[in-house]
Amino acid sequence: MTTLKVNIDNQSDARALATFLRTLGYVKSVSIEKPLLTDEDWIMPGRAATDKELDRLIDELEKDNDPGISTAQLEKEIAQWSKGIYR
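Residues numbered from 1 in each chain as written. Predicted model: local features only at pLDDT ≥ 70, side-chain atom pairs only at ≥ 80, totals over all residues. Heavy atoms only, no water.

Student: Can you explain the overall build of the protein chain? Please cite residues and give values.
Tutor: Each helix and strand counted, the protein chain has 3 helices and 0 strands in total. What you see in the protein chain, going N to C, is helices and strands ordered as α-α-α. Summing over all exposed atoms, the protein chain offers an accessible surface of approximately 8500 Å²; the carbon and sulfur share of this is 55%. (Helix = DSSP H or I, 4+ residues; strand = E, 2+ residues; numbered from the N terminus. Areas by Shrake-Rupley, 256 points an atom, 1.4 Å probe, with all protein chains shown as cover.)

Below is the structure:
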């Protein structure tokens, strides 16, 4: 058995192609995969984030209590990386 994978831009065209392929006698099965991204994903690949999505991301980052690292710590790590030392 051979598997054929086809990427189509929109759901309605995918359904139309799947319906056609099912009519062919030599096609064993046809399925439509759901996208891996959910509504919770703040941005989809290939599409710029909307203002609402960016605001949501900023709100989530502001809720995070992680102080990050200082400039001095970053400079120290960059110096190590440039020497080939990775932690």
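Student: Give me the confidence of the model for the protein chain: which residues, what numbers.
Tutor: Here the protein chain averages 83 in pLDDT, while 86% of its residues score no lower than 70. The weakest mean pLDDT in the protein chain belongs to helix α2 (residues 51–63) at 85; the strongest belongs to helix α3 (residues 71–82) at 92. (pLDDT = per-residue confidence, 0-100.)

Student: Describe the environment of V30, listing the residues and the values that go with them.
Tutor: Looking at the element boundaries, V30 is found in the loop between α1 (11–23) and α2. C-alpha of V30 to C-alpha of T3: the two residues are 27 residues apart in sequence and 9.9 Å apart in space. Those residues in contact with V30 that sit more than four places away from it in its chain are A18, L21 and R22. (Contact = heavy atoms within 4.5 Å.)

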